[in-house]
Amino acid sequence: MNRTGDHDNAVLLDRFLADVQARAVRMAALALGDREAALDVVQDAMEKLITRYADRPEGEWAPLFWRILQRCILDTHRRRKVRNRVLSVFGLAHGRADPHEDDPATDEWRDAATPEPDRALEDTRFTRDLEAALSALPLRQQQAFLLRVWEGLDTAETARALGVSEGSVKTHVHRAMAALRQRLEVYR
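Residue positions are given per chain, counted from 1 along the sequence in the order it is written. With the structure being a predicted model, the display of local features is reserved for residues of pLDDT at least 70 and the display and counting of side-chain atom pairs for 80 or more, all residues being used for whole-chain, interface and lining totals. With hydrogens and water excluded, all non-hydrogen atoms of the structure serve as input to the side-chain values.

Draft legend 1. Spatial organisation of helix H6 (residues 155-162). Think of it in three bands: residues with accessible area under 20% of the maximum for their type are buried, residues over 50% are exposed, and the middle band is partly exposed, with areas taken using a 1.4 Å probe on protein chains only. A run of DSSP states H or I qualifies as a helix once it reaches four residues; a run of E qualifies as a strand once it reaches two. Both are numbered from the N-terminal end. Listed as buried for H6 are Thr155, Thr158, Ala159, Ala161 and Leu162. Buried residues in H6, looked at end-on, bunch into an arc of 165°, giving them a common side. N-capping of H6 is provided by Asp154, with a side-chain oxygen placed 3.1 Å from the backbone N of Ala156. At the exit of H6 stands Gly163, carrying a positive phi of roughly 70°. This arc is taken over the directions from the axis of the helix to the C-beta atoms. In the analysis that follows, any N or O atom pair within 3.5 Å is treated as a polar contact, provided that within protein one partner can donate a hydrogen and the other can accept it, and provided that, for residues neighboring in sequence, both atoms belong to side chains.

Draft legend 2. Expanded view of the environment of Gln70. Within the secondary structure, Gln70 is located in helix H3 (residues 58-89). Along the backbone, Gln70 and Ala45 are 25 residues apart, and their C-alpha atoms lie at a distance of 8.7 Å. In what follows, a contact means two residues having at least one pair of non-hydrogen atoms within 4.5 Å. When neighbours within four sequence positions are excluded, Gln70 is seen to be in contact with Met27, Gln143, Leu147, Ala161 and Leu162.

Draft legend 3. A look at empty space enclosed by the protein. Think of a 1 Å grid over just the protein atoms. A cavity is a set of points where a 1.4 Å probe fits yet cannot get out, a pocket is an open set with protein on both sides within 12 Å along at least five of seven lines, and lining residues have an atom within 4 Å of a point. Grid points are joined across faces, edges and corners, and a volume is the space filled by probe spheres set on the points. Using the criterion set out here, one finds 1 cavity of 30 Å³ or more in the structure. Lining the largest cavity are Gln70, Leu74, Leu139, Arg140, Gln143 and Leu162. Breaking the lining of the largest cavity down by element, the ones donating at least two residues are H3 and helix H5 (139-150). Element by element, the count of residues in the lining of the largest cavity is highest for H5, at 3 residues.

Draft legend 4. Highlighting a negative patch on the surface. The residues that make up patches have over 30% relative accessible area and no salt bridge, and they are joined within 9 Å when like-charged or within 5 Å when they are Val, Leu, Ile, Met, Phe, Trp or Tyr. Note on areas: these come from Shrake-Rupley sampling with a 1.4 Å probe, and a residue is covered only by the protein chains present in the view. For salt bridges, the criterion is a side-chain nitrogen of Lys or Arg within 4 Å of an Asp or Glu carboxyl oxygen. Counted charges follow a simple rule, with Lys and Arg positive, Asp and Glu negative, and His plus the chain ends left uncounted. Taken as the charge centre is NZ of Lys, CZ of Arg, CG of Asp or CD of Glu, depending on the residue. On the surface, a cluster of negative charge is made up of Glu36, Asp40, Asp44 and Glu47. Position of Asp40 among the secondary structure elements: in helix H2 (residues 35-53). Its relative accessible area of 46% is what places Asp40 among the partly exposed residues.

Draft legend 5. Molecular detail of H2. Between the first and last residue of a helix there are one fewer steps than residues, each counted as 1.5 Å, and that sum is the expected span. A rise of 1.5 Å per residue sets the reference length of H2, with its 19 residues, at 27 Å; its end C-alpha atoms lie 26 Å apart and thus fit the reference within 8%. When H2 is considered as a whole, its buried residues turn out to be Ala37, Ala38, Val41, Val42, Ala45, Met46 and Leu49. Put simply, Asp34 is the residue that caps the front of H2, since its side-chain oxygen is 3.0 Å from the backbone nitrogen of Glu36.

Draft legend 6. Representation of the pattern of salt bridges within the structure. Under the criterion given, the structure shown has 7 salt bridges. Residue Glu151 pairs with Arg23 through a salt bridge whose shortest N-O separation is 2.7 Å. With a gap of 128 residues between them, Glu151 in the loop between H5 and H6 and Arg23 in helix H1 (residues 3-32) connect regions that are remote in the sequence. We classify Arg23 as partly exposed; its relative accessible area is 33%.

Draft legend 7. Layout of the side chain of Arg80. Structurally, Arg80 is set in helix H3. For Arg80, a relative accessible area of 15% gives the class buried. One polar contact links the side chain of Arg80 to the main-chain carbonyl oxygen of Leu32, over a distance of 2.7 Å. Contacts of Arg80, omitting those with residues within four sequence positions, involve Leu32, Asp34 and Ala37.

Draft legend 8. Just the confidence of the model for the chain, in detail. Each residue carries a pLDDT score, the predictor's own confidence in it, on a scale running from 0 to 100. Per-residue confidence for the chain gives a mean pLDDT of 81, with 77% of residues at or over 70. Per-residue pLDDT, averaged within each element of the chain, yields its smallest value for helix H4 (residues 117-136) (75) and its largest for H2 (95).

This is how it looks when you write it as structure tokens:
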């Protein structure tokens, strides 16, 4: 490929990453319960996509990126599990605060100019309850739901991203939807 083609590809990749960044951080934060860890995981996933797959066709980037992100999230879970096990052996494990308690970062979602304060309050409550419901899902269900429903990946792309069968994706999404419906019944 010539220099112009390389530059064009880099610009397209930059646009792709800018487009998925906020959603990826959100997804990782829900999975990890920690925004700072989510930022690190997303940065790692983006770096891996750039260094390993930048030369791939643009249409392959989304499934590759989401697959890399899923691996990074799972690796972080594994490292935490091992660290916690080691710390507990030495009696050093301390209880951590609930990562889903009031987060100052949610203040940026609030719209102070909303003419209907009751509606804004209801939306804020729904957002908080939805996040709590998503966080309560088992990791595979949560990630399958987010990739399939929120990201709009098809079943095959979601299966590749998660490294599972298409049938497994369907099962995880179905179970996630059922659990979310049950937890969010008051909003029906």
